[in-house]
Amino acid sequence: MPEIDAKRAEAAVRELLIAVGEDPDREGLLDTPSRVTRMWSELLSGMSDDPSRHLERTFEIDHDEMVMVRDIEFTSMCEHHMLPFIGKAHVAYISSGKVIGLSKLNRLVEYFSKRPQVQERLTMQIGKALQTVLQTQDVAVFMDAKHLCVASRGVKDDSSNTITGFYGGKFQEENTKAEFLKYLDINA
Ligand code: ZN
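These notes cover the structure that comes with them. These numbers come from a predicted model, not from an experiment.

**Remarks on helix α1 (residues 6-19)**
Here α1 spans 20 Å end to end across 14 residues, near enough to the 20 Å set by a 1.5 Å rise per residue. Elements in contact with the buried residues of α1: α2 (32-43). Where α1 terminates, the next one or two residues include Gly21, which has phi positive at roughly 90°.

**Quick notes on the coordination of the zinc ion**
Within the protein, the atoms that donate to the zinc ion are Cys78 (SG), His81 (ND1) and Cys149 (SG), at distances of 2.1 to 2.2 Å. In the primary structure, the donors to the zinc ion are separated according to the pattern C-x2-H-x67-C. What makes Cys78 buried here is its relative accessible area of 6%.

**A look at the sheet that holds strand β7 (residues 162-167)**
On the basis of which strands lie adjacent, the open sheet formed by five strands has the order β5-β2-β3-β6-β7 and mixed pairing. Single-partner strands in this sheet number two, and they are β5 (116-117) and β7. Note: strand β2 (residues 66-78) against strand β3 (residues 83-94), 11 bridges, orientation antiparallel. Residue pairing in the sheet places Met77 in a bridge with Pro84 of β3. Taken strand by strand, helix α4 (residues 102-113) contacts β2, β3, β5 and β6 (139-147), and its axis lies near 25° from that of β2.

About the thresholds
- Residues numbered from 1 in each chain as written.
- Predicted model: local features only at pLDDT ≥ 70, side-chain atom pairs only at ≥ 80, totals over all residues.
- Heavy atoms only, no water.
- Helix = DSSP H or I, 4+ residues; strand = E, 2+ residues; numbered from the N terminus.
- Expected span 1.5 Å × (residues − 1).
- Contact = heavy atoms within 4.5 Å.
- Donors = N, O, S within 2.8 Å, 3.2 Å for Na, K, Ca; no water.
- Buried < 20%, exposed > 50% of the residue type's maximum accessible area, 1.4 Å probe, protein only.
- Pairing = 2+ DSSP bridges.
- Axes fitted to C-alpha atoms, helices over the stretch in contact; angles between N-to-C directions.

Structural data, given as structure tokens:
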């Protein structure tokens, strides 16, 4: 995937400033196009990354209990409004004999977050990628995020969070799902 075209992005930000009635040559705005471009290339860095790089190493291990990493902080970009949504992901799986390094779960969340997204798809992409790499259906992902597009415009509700979940294999069974949610300390 290509890196961000900085020249083009800067020209677009400058154009946007003019479109909203600003003077892009006044002192406070002079560096804004390049600042916004640098920020965007960070927020969208997952587009030029390669996910398999983070996931190729799995380990064989005799372990068939639930493994969970909770409170993985992430920032993603709402593709409808191009404003960030910020929250926490909680990821769990039951090993079929394969495990991956726990920090790889963070990298996976990061990778899929850093691109234009909707939270529902983000949750599913993380879950499906894990199912593939761990060769098991038994994967759950729970995401809880605040969307700046909801907090700052329209209904201006800055206290609401959006919750999305992905439950595969055994996590669709009542008791496994309940155990997962108990670890989350959430009654859902
Ligand atoms: Zn939005």
